[in-house]
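Structural overview for review
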Amino acid sequence: MKENNKEIEIDSIDLTKEIRYYLFFWPWFLACTILMSISAFLYLRYSQTVYETTATLQVKDAGSDPSSFLTLSTSSMFNLNRVKIDNYISQIRSKSNLRNVVKALDLQTSVYSIGRVKNILKYGEQIPFEIEFKTDEIVTGLNLNYIGDKIELELDDKVYKLTEDQAFETEDFILTLKGTNHRDESFLINRTTETNIMSAFASAVFGKNKS
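Residues numbered from 1 in each chain as written. Predicted model: local features only at pLDDT ≥ 70, side-chain atom pairs only at ≥ 80, totals over all residues. Heavy atoms only, no water.

What about unusual backbone geometry?
Where we set the bar: The helix and strand labels rest on DSSP assignments: H or I over at least four residues marks a helix, E over at least two residues marks a strand, and numbering proceeds from the N terminus. The rule is simple: take the accessible area with a 1.4 Å probe, protein chains only, and divide by the maximum for that residue type; under 20% is buried, over 50% is exposed, in between is partly exposed.
One non-glycine residue, Asp 156, adopts positive backbone phi at about 50°. Along the chain, Asp 156 falls in the loop between strand E5 (150–155) and strand E6 (158–162). A positive phi angle, close to 65°, is found at Asp 157, a residue other than glycine. Here Asp 157 is to be found in the loop between E5 and E6. Asp 157 gets classed as exposed once you look at its relative accessible area, which sits at 85%.

Written out as structure tokens, the structure reads:
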């Protein structure tokens, strides 16, 4: 009976030591947990959002004869299909199609909301103005600042004071304010050439530009 009590006492002492050992390090565990939580929050808060989508494109040849495969050999049929597929791919990658996409989405122009840590790319209704460029030149460092009730445009080291619903025109572009409330927010406007954006767009979509 005494031996059993002694074993229980030894086990109790060992368990107490283990608890005290781990409690000694609990501030480090807590600090690491807090640090990792803050790091995850900052990463999710300031990392650039990337969207990805996939699609399957089906091309139907309305002018083909469904019974034509009966008069073709197996090798001829597959060679003909291969030629058609290559032709379709070439059409999709053609410069005319890429140019239409660039113009429809205005991919030459990028508008960023300037932040303290990073700049955030804005789209559509998130942009409180419309800008139409008259040339295909590269434009960088065009800033539009909403400061309280004031709206200022920084252009070529000059500052122009604008009002809501005003159209500001230069030799290179026409800027029209939408009159929405974007107090204490600054926007950076960049413009690239059609050739540059078409090359970048083709590389992003097709892996490399084969147009």
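Alright, that's what it looks like, and here's the rest.
Section: the packing of helix H4 (residues 95–105) against helix H5 (residues 194–206)
For the record, the criterion: Angles shown run from 0 to 180 degrees and are taken between the N-to-C directions of axes, each axis being a line fitted to C-alpha atoms and, for helices, limited to the stretch in contact. Roughly parallel means an angle under 35 degrees; roughly antiparallel, over 145; roughly perpendicular, 65 to 115; everything else is oblique. Any two residues whose heavy atoms approach within 4.5 Å are treated as being in contact. Lys, Arg, Asp and Glu make up the charged group, whereas Ala, Val, Leu, Ile, Met, Phe, Trp, Tyr, Cys and Pro make up the nonpolar group; the residues left over, Gly among them, are polar.
Put simply, H4 and H5 touch, their axes get as near as 10 Å, and they point 105° apart. When the interaxial angle is binned, H4 and H5 end up roughly perpendicular. Residues Lys 95, Leu 98, Arg 99, Val 101, Val 102 and Lys 103 of H4 pack against Glu 194, Ile 197, Met 198, Phe 201, Ala 202 and Phe 206 of H5. Looking at side-chain class alone, the contact of H4 with H5 contains eight nonpolar, no polar and four charged residues.

A few points about the packing of aromatic side chains
This is how the line gets drawn: Aromatic pairs are defined between Phe, Tyr and Trp rings, using the six-membered ring for Trp, whenever the two ring centres lie within 6.5 Å; interplanar angles under 30 degrees are classed as stacked, those over 60 as edge-to-face, and all others as tilted.
On inspection of all chains with the given rule, the structure shows five aromatic pairs. Pairing Phe 133 with Phe 173 gives two aromatic rings, centres 5.9 Å apart and planes at 55°, and the pair type is tilted. Highlighted residues: Phe 133 in strand E3 (residues 129–133) and Phe 173 in strand E8 (residues 173–177), separated in sequence by 40 residues. A relative accessible area of 11% places Phe 133 in the buried class. Considering the side-chain rings of Phe 168 and Phe 173, the 6.5 Å spacing of their centres and the 40° angle between planes classify their relative orientation as tilted. Its relative accessible area of 14% is what places Phe 168 among the buried residues.

Regarding the nonpolar core
In plain terms, the rule: Take the buried residues of types Ala, Val, Leu, Ile, Met, Phe, Trp, Tyr and Cys, join any two whose side-chain atoms come within 4.5 Å, and each joined set is a nonpolar core.
If you look at the biggest cluster of nonpolar residues, it comprises 19 residues, and the most contacted ones within it are Phe 129, Leu 144, Phe 173 and Leu 175. In terms of residues, this core owes the most to one element, strand E4 (residues 139–147), which gives four residues. Beyond its immediate chain neighbours, meaning those up to four positions away, Phe 173 contacts Ile 131, Glu 132, Phe 133, Lys 134, Leu 142, Leu 153, Leu 155 and Phe 168. In terms of nonpolar packing, the next biggest core, distinct from the first, is built from five residues, Leu 98, Ile 197, Met 198 and Ala 202 among them.

Examining the sheet that holds strand E7 (residues 167–169)
Counted only if it meets this: We call two strands paired when DSSP finds no fewer than two bridges between them.
Sheet architecture is open: three strands sit in the order E3-E8-E7, paired in antiparallel fashion. Looking at the sheet topology across the chains shown, the edges are occupied by E3 and E7. In this sheet, neighbouring strand axes are inclined to one another by 10° on average, regardless of whether the strands run parallel or antiparallel. Two strands pair when backbone bridges link them, and E7 and E8 are joined in this way by three bridges, in the antiparallel orientation. The partner of Glu 169 across the bridge, within E8, is Ile 174.

Quick notes on the sheet that holds E4
Strand order in the open sheet made by the six strands is E2-E1-E9-E4-E5-E6, with antiparallel pairing throughout. Where the open sheet ends on each side, the last strands, each with one partner, are strand E2 (120–122) and E6. Neighbour to neighbour, the strand axes of the sheet diverge by 30° on average, direction disregarded. Bridging between strand E1 (residues 109–113) and E2 involves three bridges; their strand directions are antiparallel.

Focus on a nonpolar patch on the surface
As a reminder of what qualifies: In this analysis, a patch consists of residues with relative accessible area above 30% that form no salt bridge, clustered at 9 Å for like charges and at 5 Å for the nonpolar side chains Val, Leu, Ile, Met, Phe, Trp and Tyr. Note on areas: Shrake-Rupley with a 1.4 Å probe; residue coverage comes only from the protein chains shown. Should a side-chain nitrogen of Lys or Arg be within 4 Å of a carboxyl oxygen of Asp or Glu, the pair is scored as a salt bridge.
Taken together, Leu 15, Ile 19, Tyr 21, Tyr 22, Leu 23, Trp 26, Phe 29, Leu 30, Ile 34, Ile 38, Phe 41 and Leu 42 make up a surface patch of nonpolar side chains, about 1,300 Å² in accessible area. Every element with two or more residues in the nonpolar patch is listed here: helix H1 (2–24) and helix H2 (26–46). Here Ile 19 shows up in helix H1. Of the residues examined, Ile 19 reaches a relative accessible area of 44% and is grouped as partly exposed.

Details of the side chain of Lys 118
Inclusion rule: Under this rule, positive means Lys or Arg and negative means Asp or Glu; His and the chain ends count for nothing.
Locating Lys 118 in the fold gives a position in the loop between E1 and E2. Summary of buried charges: Lys 118 has no salt-bridge partner, and the nearest side chain of opposite charge, Glu 185, is 13 Å away.

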